[in-house]
Number of protein chains: 2
Amino acid sequence: MKASPSHHMESLAAHGVWSPVLVPLQPDLGIDSERFIAQAQWLLAQGCHGLALFGTTSEANSFSVAERKALLEEVVEAGISPERLMVGTGCCALTDSVELTRHAVDTGCRRVLMLPPFYYKGMSDEGLFQSFAEVVERVGNPDLRVFLYHFPRLSGVPVTEGLIALLVDAFPEVVAGVKDSSGEWSNTRMMLDRFPRLAIFPGSETFLLDGLRAGGAGCITATSNVNASGARAVFDAWSAGHEDADTRQTAATTIRRAIDRHPGIPAQKFLIARYRNDPAWRTVRPPMTALADEAGHDLLDALSATEFDGARLAIH
Amino acid sequence: MKASPSHHMESLAAHGVWSPVLVPLQPDLGIDSERFIAQAQWLLAQGCHGLALFGTTSEANSFSVAERKALLEEVVEAGISPERLMVGTGCCALTDSVELTRHAVDTGCRRVLMLPPFYYKGMSDEGLFQSFAEVVERVGNPDLRVFLYHFPRLSGVPVTEGLIALLVDAFPEVVAGVKDSSGEWSNTRMMLDRFPRLAIFPGSETFLLDGLRAGGAGCITATSNVNASGARAVFDAWSAGHEDADTRQTAATTIRRAIDRHPGIPAQKFLIARYRNDPAWRTVRPPMTALADEAGHDLLDALSATEFDGARLAIH
């Protein structure tokens, strides 16, 4: 498909509800691409504007470069449009980040979500800038659009205001946005104020409505794997100016909070396994452990007091 | 070379002063294997009992699996005995850890130094155990000896007493030791008391003498890249029962503390570049940055008040 320039630009201005996709596993802990593609298609059918492959929720850092490349190729071959994808490519090793970013763009996926290199802590903004700059320059493709991934609780390496400023100055066409998984609205607010040209995505739907009202792009939220429709309902109510946007937000937030009492990835895999009647979905790759039955029942109890609708998880 | 069983066992009981080896870089940030091999040979000539490749000091996590495998092969081909090597193989991705560990053993290097998978934080001991267990079982080679790498300040994932106990129980022949880079003597002391059959290496020469006196194996210490002889002098004085062991320890500790006021890897690369008159040595891979001239001069000033002897760094 040849897109017109204006359509092209529009499609790159990522917005709305994006879902990082959980990665189902084979019994040998390899990626189950068939179930993955089904989940990706289901998420789009549930109303997600786009999908993030290989963020935290995808257990991405537990997979090798080769495993990540192979899955992306299968996803695109299955007919999921690269325009709907944002591919996680930020690794500890500069050479891995270059290889994955180049591969994403070569596969037609112009949007990448990049963690900073996250083993060495306390690195300077200048050093982190050099790392991102090496990736952008080595890939050397003007089609590339980078979304910076700020998740200090897990990475231990914040994407600071100073680092973003260095990158925006050096690569104004390439740096397109930020996923802010700090969980702190004050930080998201700072990014919105300081970088109005960037697409700022809070990393949780709990900030979806606040973000949209403040000029944010939407959200990239893990729990859309089990409640995409709830987040989409917030977005649609806001888009249409409906007065029930706040009600929709409260419903989505209540569900999110029930899930947040458990480890997010095992908890959502548990829910999908349960409502799809597909126990294979429970498997996680070490160092994670599958949600124990008792915790799963606690989760189901908590969700029963919300608007959560497990029947939606079925794939027909 | 076919070793006798008794010699074989003895050589596996790693002890003494082990040096993680700094990785010099080409201008394109690729590994400079020629300078690396020269540094490795120099370290052995300076008295190191063995070398750790691809720990923190080697900037290991900034290199891809392919880069790490290629360098190890060159090192062994250059004639450095695999018996003198301990190879860092612990990555975030289970499949990468398996690949590197299998490669190390296949290359004749039975000792590996393994970080836990370090992206996801707050994982249970059981989940971390499963990760190590998968590596040991998939490699499936009884020759393998695993040294666990505890460096919570950088990894964010501690190797706890409980995790070590699970691993020692499950793999008593395989789990051989711990590198404790916590920097806390109380933790090293706990490991020595709790796991007397393991080779416990403090991650700094500042604890070398205390460790040896308490039954420790020696140390695996970054700053042996510029002061191997100082650490070796402590070890030799202790071995011989000489009364100047404490004096040697104080001298080594004083040098270490001067270096510790700067980022360790750039600082040591600066010193080697300076005393070898080889500016190429200053290069680091992002996200690190080379030591600035001013900081380098501060470091030289501080070292001039110690027993540090830069002339030793020359390679003839």
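The structure we're discussing is the one just above.
These remarks concern the structure in this document.

Reading guide: rules and limits
Residues numbered from 1 in each chain as written. Chains lettered and ligands numbered in written order. Predicted model: local features only at pLDDT ≥ 70, side-chain atom pairs only at ≥ 80, totals over all residues. Heavy atoms only, no water. Pairing = 2+ DSSP bridges. Helix = DSSP H or I, 4+ residues; strand = E, 2+ residues; numbered from the N terminus. Axes fitted to C-alpha atoms, helices over the stretch in contact; angles between N-to-C directions. Contact = heavy atoms within 4.5 Å. Buried area = accessible area lost by both parts, 1.4 Å probe. Salt bridge = Lys/Arg side-chain N within 4 Å of Asp/Glu carboxyl O. Polar contact = N/O pair within 3.5 Å; in protein donor to acceptor, adjacent residues only side chain to side chain. Nonpolar A, V, L, I, M, F, W, Y, C, P; charged D, E, K, R; others polar. Parallel < 35°, antiparallel > 145°, perpendicular 65-115°, else oblique. Left-handed = near helix turned anticlockwise from the far one by under 90°. Buried < 20%, exposed > 50% of the residue type's maximum accessible area, 1.4 Å probe, protein only. Least-squares fit on C-alpha atoms with pLDDT ≥ 70 in both. Right-handed = clockwise from strand over helix to strand, strands pointing away.

Things to note about the sheet that holds strand β5 (residues 145–150) of chain B
Residues and elements named next belong to chain B. Taken together, 8 strands build an open sheet; the order of strands is β7-β6-β5-β4-β3-β2-β1-β8 and the sheet is parallel. The open sheet has two edge strands with one neighbour each: β7 (199–202) and β8 (218–220). Within the sheet, the average angular offset between the axes of one strand and its neighbour, ignoring direction, is 20 degrees. One ladder, built from 3 bridges, connects strand β1 (residues 16–20) with strand β2 (residues 50–53); its direction is parallel. Bridge pairing in β2 links Trp-18 to Gly-50. Lying on the sheet, helix α3 (residues 65–77) is in contact with β2 and β3 (85–88); it crosses β3 at an angle near 170 degrees.

Topic: the interface of chain B and chain A
Between chain B and chain A, the residue contacts involve 41 residues of the former and 41 residues of the latter. Both sides of the chain B and chain A interface together cover about 3,100 Å² of buried area, and 64% of this is carbon and sulfur. When the buried area of chain B at its contact with chain A is split by residue, Tyr-119, Tyr-120 and Pro-287 of chain B rank highest and sum to 26% of it. Counting across the interface, chain B meets chain A through 0 salt bridges. Put simply, chain B and chain A have 20 residue pairs in polar contact (both at pLDDT 80 or more) between them. In terms of residues, the side of chain B that touches chain A owes the most to one element, helix α5 (residues 125–139) of chain B, which gives 7 residues. Residue composition of the side of chain B that touches chain A, by class: 19 nonpolar, 12 polar and 10 charged.

Side note on the sheet that holds strand β2 (residues 50–53) of chain A
All names here are of chain A. Reading across the sheet, the 8 strands line up as β7-β6-β5-β4-β3-β2-β1-β8 and stay open at both edges, with parallel pairing between neighbours. Looking at strand neighbours, the two that pair on one side only are β7 (199–202) and β8 (218–220), the edges of this open sheet. The average undirected angle you get between the axes of adjacent strands in this sheet is 20 degrees.

Some remarks on the packing of helix α4 (residues 94–106) of chain A against helix α5 (residues 125–139) of chain A
Two numbers describe a pair of packed helices, the interaxial angle and the distance between the axes. Residues and elements named next belong to chain A. Contact pair α4 / α5: the axes reach a minimum separation of 9 Å and the direction vectors enclose 40 degrees. Put simply, α4 runs oblique to α5. The interaxial crossing formed by α4 with α5 has right-handed handedness. Of the residues in α5, those touching α4 at Leu-94, Ser-97, Val-98, Thr-101 and Arg-102 are Ser-131, Glu-134, Val-135, Arg-138 and Val-139. Grouping the constituent residues of the contact of α4 with α5 by class yields 4 nonpolar, 3 polar and 3 charged.

What to know about the pattern of salt bridges
Within the structure shown, the criterion is met by 32 salt bridges over all chains. Taking the shortest distance from any N to any O, the salt bridge between Arg-189 of chain A and Asp-193 of chain A comes out at 3.1 Å. Of this pair, Arg-189 of chain A and Asp-193 of chain A both sit in helix α8 (residues 185–194), 4 residues apart, roughly one helical turn. On the accessibility criterion, Asp-193 of chain A (48% relative accessible area) is partly exposed. Ionic pairing is found between Asp-278 of chain B and Arg-35 of chain B, a salt bridge with its closest N-O pair at 2.7 Å. Taken together, the residues span a long stretch of sequence, with Asp-278 of chain B in the loop between α12 (264–275) and α13 (293–304) and Arg-35 of chain B in helix α2 (residues 33–45) at a distance of 243 residues. Three or more residues joined by partner-sharing salt bridges are found here, namely Asp-32, Arg-35 and Asp-278 of chain A.

A few points about the relation of the copies chain B and chain A
Of the transformation superimposing chain B on chain A, the axial component is 0.0 Å and the angular component is 180 degrees, with the fit at an RMSD of 0.0 Å. When the rotation and shift are considered jointly, the pair of chain copies conforms to a two-fold rotation axis. Taken together, the interface assignments show that 100% of the residues at the interface of chain B recur at the interface of chain A, consistent with an identical surface on both copies.

As for the side chain of Thr-306 of chain A
All names here are of chain A. Tracing the sequence through the fold places Thr-306 in the segment after α13 (293–304). Within the structure, Thr-306 has its side chain in polar contact with the backbone oxygen of Leu-303 (distance 2.7 Å). For Thr-306, the side chain forms a polar contact with the main-chain nitrogen of Phe-308, separated by 2.9 Å. Beyond its immediate stretch of four places on either side in the chain, Thr-306 contacts Thr-254 and Ile-255.

Details of the pairing of β5 of chain B
Residues and elements named next belong to chain B. Counting buried residues along β5, 6 of its 6 residues qualify, which places the element largely inside the surrounding structure. Strand direction decides the pairing type here: strand β4 (residues 111–114) and β5, joined by 4 bridges, are parallel. Its bridge partner being in β5, Leu-113 is matched across the sheet by Phe-147. You can see the chain leave β4, run along α5 and come back into β5, and the turn it takes is right-handed. Across 5 bridges, β5 lies against strand β6 (residues 175–180) in parallel orientation. Among the inter-strand pairings, Leu-148 is bridged to a residue of β6, identified as Val-178.

Concerning unusual backbone geometry
The omega angle of the peptide bond from Pro-286 of chain A to Pro-287 of chain A is 20 degrees, so this bond is cis rather than trans. Positionally, Pro-287 of chain A belongs in the loop between α12 (264–275) and α13. With a phi close to 75 degrees, Leu-29 of chain B is a non-glycine residue in the positive phi region. Considering the arrangement of structural elements, one finds Leu-29 of chain B in the loop between β1 and α2. By relative accessible area, Leu-29 of chain B is classed as buried at 8%.

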